[in-house]
Amino acid sequence: MIVITTPTGQIGRQVLDIVLGDVLDGGESVRVIARDPSRLAPRVRERVEVVTGSHGDPDVVDAAFAGADSVFWLPPPNPRAARVDDVYVDFSRPACDAFKRRGVRRVVGISALGRGVPGHAGLVSASLAMDDLIAGTGVGYRALTLPSFMDNMLRQVEAIRSKGVFFQPVAGDLKAPTCATRDIAAVAAGLLLDHSWSGQGEVPVLGPEDLSFEDMARIMSEVLGTPVRFQYVPVESFRDTLKQRGMSEAMAQGMADMATAKDHGLDNAEPRTPAATTPTTFRQWCEEILKPAVLA
């Protein structure tokens, strides 16, 4: 039995698709936890068992993890949370209790790069604290440690389309890894379908190359056939804009602290290895994902 959280989210949906594509009839059962099962595609609902509710609810995870061998774990976003730890650590506590009580063997979680890097990094620090909480249960755990996602660029589609610009509070010439969510999902699904591993560890997912935002602007310009430029914004302005859009003080500050840490090289601390290198290039992602979104 594999249990998948956030099955309609950006990463969870892709994990679920891959798992369902690989499981043999009668060989593997799949269960999902969904707040709104109507958001699941009909073809998915026909093939999975659905537990309705939040995976931060003790009763929901207790029911969902009964008989489970492996769990895909990803807390949902909560931009109005009063504390950053509420989103990661406190949200995960009921699940950690259920992992132990229900005898779950393996958990695959979505996390971040930054282990061992000094200083506070906002959302990254909270994510790493969540990893420690899960590992403390004794369950087999693989934390996928990730840089920024290529797919985050979709949040700026309107600015790219109408003004030919995108914004970040990170130096434009800083080269760093970036990865596509479909590659994250592929790694996560592979671990969920592999019943041979045990113990605890981190699995970096670094994409195929290190790029700066200026590199990305050049590639976007070439793919879209129109000039696109990168614009640096001070981290204070970035934080204030998030608050103006409804984000809580704590979460806006957490995002700002994470951006500052990345600007200081947080994502560059992990050495690139063949095992950590995933296939989707930024150019390919722009051709297949960004371009259709901009032209829509």
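Here is a short report on the structure shown in this document. Because the structure is a prediction, the values reported are computed rather than measured.

## Details of the sheet that holds strand 5 (residues 106-112)
Hydrogen bonds between backbone groups are what pair the strands of a sheet, and the pairing can be parallel or antiparallel. The strand order across the open sheet formed by seven strands is 3-2-1-4-5-6-10, and the pairing between neighbours is parallel. Across the chains shown, the open sheet's two edge strands, defined by having one partner strand only, are strand 3 (49-52) and strand 10 (200-204). Within this sheet the neighbouring strands show an average axis-to-axis angle of 20°, counted without direction. Direction of pairing for strand 4 (residues 70-73) relative to strand 5: parallel, over a ladder of four bridges. Directly across from Trp-73, in strand 5, lies its bridge partner Gly-109. Each of strand 1 (2-4), strand 2 (30-34) and strand 4 touches helix 1 (residues 12-22); the most contacted strand, strand 1, lies at about 155° to it. Sitting on the sheet, helix 7 (residues 181-193) touches strand 1, strand 4, strand 5, strand 6 (140-146) and strand 10, and the angle it makes with strand 6 is about 170°.

## Some details on the sheet that holds strand 7 (residues 148-149)
Read from one edge of the open sheet, three strands run 7-9-11, paired in mixed fashion. Only two strands of the sheet have a single partner each, and these edge strands are strand 7 and strand 11 (210-211). Here two bridges tie strand 9 (residues 176-179) to strand 11, and the two strands are oriented antiparallel to one another. Each bridged residue has a counterpart across the sheet, and for Ala-176 the counterpart in strand 11 is Leu-211.

## Structural notes on helix 1
In an α-helix, one turn spans 3.6 residues; hence positions three or four apart end up facing the same way. For helix 1, the complete set of buried residues consists of Gly-12, Gln-14, Val-15, Leu-16, Val-19 and Leu-20. On its buried side, helix 1 packs onto strand 1, strand 2, helix 2 (42-45), strand 4 and helix 7.

## Points about the nonpolar core
Among the nonpolar cores identified, the biggest contains 46 residues, and Phe-65, Phe-99, Val-107 and Ile-134 are the most heavily contacted of them. Of all the elements in the fold, those that place two or more residues in this core are helix 3 (58-64), strand 4, helix 4 (84-102), strand 5, helix 5 (123-135), strand 6, helix 9 (235-244) and helix 10 (249-263). It is helix 4 that contributes the most residues to this core, eight residues altogether. Contact partners of Phe-99, with chain neighbours within four places excluded, come to Phe-65, Val-71, Val-104, Val-107 and Ile-134. Grouped together as the second largest cluster of nonpolar side chains are 30 residues, Val-23, Val-48, Leu-74 and Leu-144 included.

## Quick look at the environment of Ile-110
Position of Ile-110 among the secondary structure elements: in strand 5. The class of Ile-110 is buried, set by a relative accessible area of 7%. Note: C-alpha distance between Ile-110 and Pro-94 (16 residues apart in sequence) is 17 Å. The contact partners of Ile-110, leaving out residues within four places of it in the chain, are Ile-11, Phe-72, Trp-73, Leu-74, Ser-127, Met-130, Leu-144, Leu-146 and Ile-184.

## Quick word on the environment of Ile-18
Along the chain, Ile-18 falls in helix 1. Accessibility expressed as a relative area gives 27% for Ile-18, which makes it partly exposed. On a C-alpha basis, the gap between Ile-18 and Gly-172 in space is 35 Å, while along the polypeptide they are 154 residues apart. Beyond its immediate chain neighbours, meaning those up to four positions away, Ile-18 contacts Ala-185, Ala-186 and Ala-189.

## Focus on the environment of Pro-147
Note on placement: Pro-147 falls in the loop between strand 6 and strand 7. Given the relative accessible area of 3%, Pro-147 is considered buried. For the pair Pro-147 and Leu-113, spaced 34 residues apart in sequence, the C-alpha to C-alpha distance is 6.0 Å. Dropping the residues within four chain positions of it, Pro-147 is found in contact with Leu-113, Pro-177, Thr-178, Cys-179, Val-205, Leu-206, Lys-262 and Asp-267.

How each quantity is defined
Residues numbered from 1 in each chain as written. Predicted model: local features only at pLDDT ≥ 70, side-chain atom pairs only at ≥ 80, totals over all residues. Heavy atoms only, no water. Pairing = 2+ DSSP bridges. Helix = DSSP H or I, 4+ residues; strand = E, 2+ residues; numbered from the N terminus. Axes fitted to C-alpha atoms, helices over the stretch in contact; angles between N-to-C directions. Contact = heavy atoms within 4.5 Å. Buried < 20%, exposed > 50% of the residue type's maximum accessible area, 1.4 Å probe, protein only. Core = buried A, V, L, I, M, F, W, Y, C linked by side-chain atoms within 4.5 Å.

Note that all results are geometric; they support no functional claim without further evidence.
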